Amino acid sequence: KIDMVMDQKRTDELGKISNALMLYIKKIKHKIEITQGIEKGNLSKEIDLISDKDVLGLALQNMTINLRKMISNVLDNSMALAESSGTLSAAANEIANSTTEMSSQSGEISNASNEISSNISTMASGSEELSSSIQSISATSTEMSQNMMFVSESIDKLSNAIRQVSQKSQPA
């Protein structure tokens, strides 16, 4: 924790240095608060840079942007997976309906041979659709797994960076 109180009423060189140091400490405290917020999942805060050479500030900005993108990708992939699951469910229902229809007509084989042929074609197309949906779900699941591994690695890096900043900001 950074706690420092300086006499800010001075107007000489020491006062100017004191004011500049207090401003720097205030901005570092702000970065610590934002980092703690990121650690808790809050990616909505903007990081103010001390200067254009503020390496820590730039790293926090880039990390926040990257985390937002990753979360967006995970959400997009989740939506795609949900959509694929709906398609898979519809195909399964279509196959189930076709099978039920075929079972109810088994007693009328002589009169319904053309209808059975049609239902078999429907089942084949449903199977192709099911196969396509399964492939889509598999690809989406693989991508989500990779994104989750990337998010996990990023969180580990973030936690380490936060820990290092926290350790460096504590008095010896």
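Criteria and cut-off values
- Residues numbered from 1 in each chain as written.
- Predicted model: local features only at pLDDT ≥ 70, side-chain atom pairs only at ≥ 80, totals over all residues.
- Heavy atoms only, no water.
- Helix = DSSP H or I, 4+ residues; strand = E, 2+ residues; numbered from the N terminus.
- Rg over C-alpha atoms; globule rule 2.2 N^0.38 Å.
- Buried < 20%, exposed > 50% of the residue type's maximum accessible area, 1.4 Å probe, protein only.
- Contact = heavy atoms within 4.5 Å.
- Lys, Arg positive; Asp, Glu negative; His and termini not counted.
- Charge placed at Lys NZ, Arg CZ, Asp CG, Glu CD.
- Expected span 1.5 Å × (residues − 1).
- Salt bridge = Lys/Arg side-chain N within 4 Å of Asp/Glu carboxyl O.

K.L.:
Any chance you could explain the overall build of the chain here in plain terms?
P.N.:
The number of helices and strands found in the chain is 3 helices and 0 strands. For the chain, the α and β elements follow one another from N to C terminus as α-α-α. The C-alpha atoms of the chain give a radius of gyration of 30 Å, which is well past the 16 Å a tight globule of 172 residues would have. Judged by the C-alpha coordinates and their principal axes, the chain covers about 110 × 25 × 25 Å. When burial is assessed residue by residue, the chain has 23% of its 172 residues classed as buried. Pairs at least 24 apart in sequence give 61% of the contacts found in the chain among residues at least 6 apart. Once the 16 positive and 21 negative side-chain charges of the chain are each reduced to a mean point, those two points are 24 Å apart.

K.L.:
I keep staring at helix H2 (residues 55–104) and nothing clicks. Help me out?
P.N.:
Since the α-helix advances by 3.6 residues per turn, residues separated by three or four positions end up pointing in the same direction. Taking 1.5 Å per residue as the helical rise, H2 with its 50 residues ought to reach 74 Å, and the 72 Å between its terminal C-alpha atoms agrees with that figure. For H2, the complete set of buried residues consists of Gly57, Leu60, Met63, Thr64, Leu67, Met70, Val74, Asn77, Ser84, Ala91 and Ser98.

K.L.:
Looking at this model, I keep getting lost on the side chain of Ser98. Mind explaining?
P.N.:
Along the chain, Ser98 falls in helix H2. Taking the relative accessible area as the measure of exposure, Ser98 reaches 7% and is therefore buried. Contact partners of Ser98, with chain neighbours within four places excluded, come to Thr122 and Met123.

K.L.:
How do you make sense of the pattern of salt bridges when you look at a structure like this?
P.N.:
Pairing between side chains becomes possible if they bear opposite charge and their charged atoms approach one another. All chains considered together, the criterion is met by 2 salt bridges. Between Asp54 and Lys31 there is a salt bridge, and its shortest N-O distance comes to 2.2 Å. Placement of Asp54 in the loop between helix H1 (13–39) and H2 and of Lys31 in helix H1 is noted, with a sequence separation of 23 residues between them. This pair shows no difference in class: Asp54 is buried, exactly as Lys31 is. Note that Arg68 is salt-bridged to Glu46, the shortest N-O span being 3.5 Å. Residue Arg68 is found in helix H2, and its partner Glu46 is found in the loop between H1 and H2; the two are separated by 22 residues along the sequence.

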